[in-house]
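Report on the structure
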Amino acid sequence: MTMAIQLARVDDRLLHGQVATVWTKAIRPNRILVVSDNVAQDHLRKLLIMQAAPPEVKANVITVAKMVQIYRDARFDQFRPLVLTETLGEMAELAAQGIDLTETGVNVGNLAYTVHKTMLTPSVAADTADVTAVQQLVAAGVNVYTQTVPTDRQQAFLTLATKQGLTAN
């Protein structure tokens, strides 16, 4: 048996109201794992994220290396986590390190617009680095899709990126 990931989500806002309420009700995780090397080093952000968790689900902020370590450790097999990363690169790194995301796929919920990024949906902006990370995930057999809330239709990330000229056809 291994850890049964309920949802793997990329959201640059990490744990916020939408995730804490709507997604946790929809997927019923018993743990929220925020996987971010940056946030794990930032005491204030870590504290704020842990406070944003709904009362019934404990949240932890851990590094990519720690996530890989606990995923391989049988003592954590009872975890049914919602895994959140801030970037597609971090999610691709988790998959590259052996975390199986083929069952759940990767949900891209929110990536803010910045200079050099292209809007794919009203809440997801991407650049070539994001597309490369998604291509790595897809090559590993992982379905990567955008979906803000559970009631929204899932849209294939690479299809949206191609329509916006971010991928080579």
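Residues numbered from 1 in each chain as written. Predicted model: local features only at pLDDT ≥ 70, side-chain atom pairs only at ≥ 80, totals over all residues. Heavy atoms only, no water.

**Quick look at the overall build of the protein**
Along the protein, the regular secondary structure elements total seven helices and nine strands. Computed over C-alpha atoms, the radius of gyration of the protein comes to 15 Å, within 12% of the 15 Å expected from 2.2 N^0.38 for 169 residues, which places it in the range of a compact globule. Across its three principal directions, the C-alpha atoms of the protein cover 45 × 30 × 30 Å. Counted over contacts in the protein with a minimum sequence separation of 6, partners at least 24 positions apart contribute 72%. Looking at the protein as shown, the accessible area adds up to about 8300 Å², and 53% of this sits on carbon and sulfur atoms. (Helix = DSSP H or I, 4+ residues; strand = E, 2+ residues; numbered from the N terminus. Rg over C-alpha atoms; globule rule 2.2 N^0.38 Å. Contact = heavy atoms within 4.5 Å. Areas by Shrake-Rupley, 256 points an atom, 1.4 Å probe, with all protein chains shown as cover.)

**Here we look at the packing of aromatic side chains**
In total, this model carries one aromatic pair according to the counting rule given. Judged by centre distance (5.3 Å) and plane angle (80°), the ring pair of Phe76 and Phe79 falls under edge-to-face. (Phe/Tyr/Trp six-rings, centres within 6.5 Å; stacked < 30°, edge-to-face > 60°.)

**Describing the packing of helix H5 (residues 88–96) against helix H6 (residues 128–139)**
Relative to each other, H5 and H6 sit at 25°, their axes nearing to 8 Å. Relative to H6, the element H5 lies roughly parallel. Between H5 and H6 lies a crossing whose hand is left-handed. Here H5 contributes Leu88, Gly89, Met91, Ala92 and Ala95 to the contact with H6, which in turn contributes Asp130, Ala133, Val134, Gln136 and Leu137. Among the residues making up the contact of H5 with H6, the classes are represented as seven nonpolar, two polar and one charged. (Axes fitted to C-alpha atoms, helices over the stretch in contact; angles between N-to-C directions. Parallel < 35°, antiparallel > 145°, perpendicular 65-115°, else oblique. Left-handed = near helix turned anticlockwise from the far one by under 90°. Nonpolar A, V, L, I, M, F, W, Y, C, P; charged D, E, K, R; others polar.)

**Observations concerning the sheet that holds strand S4 (residues 81–85)**
Taken together, the seven strands give an open sheet; going across it, the order is S3-S2-S4-S1-S5-S8-S9, and neighbouring strands pair in mixed fashion. The open sheet is flanked by strand S3 (58–62) and strand S9 (155–156), the only strands paired with a single partner. Strand direction decides the pairing type here: strand S2 (residues 31–35) and S3, joined by five bridges, are parallel. Each bridged residue has a counterpart across the sheet, and for Arg31 the counterpart in S3 is Lys58. (Pairing = 2+ DSSP bridges.)

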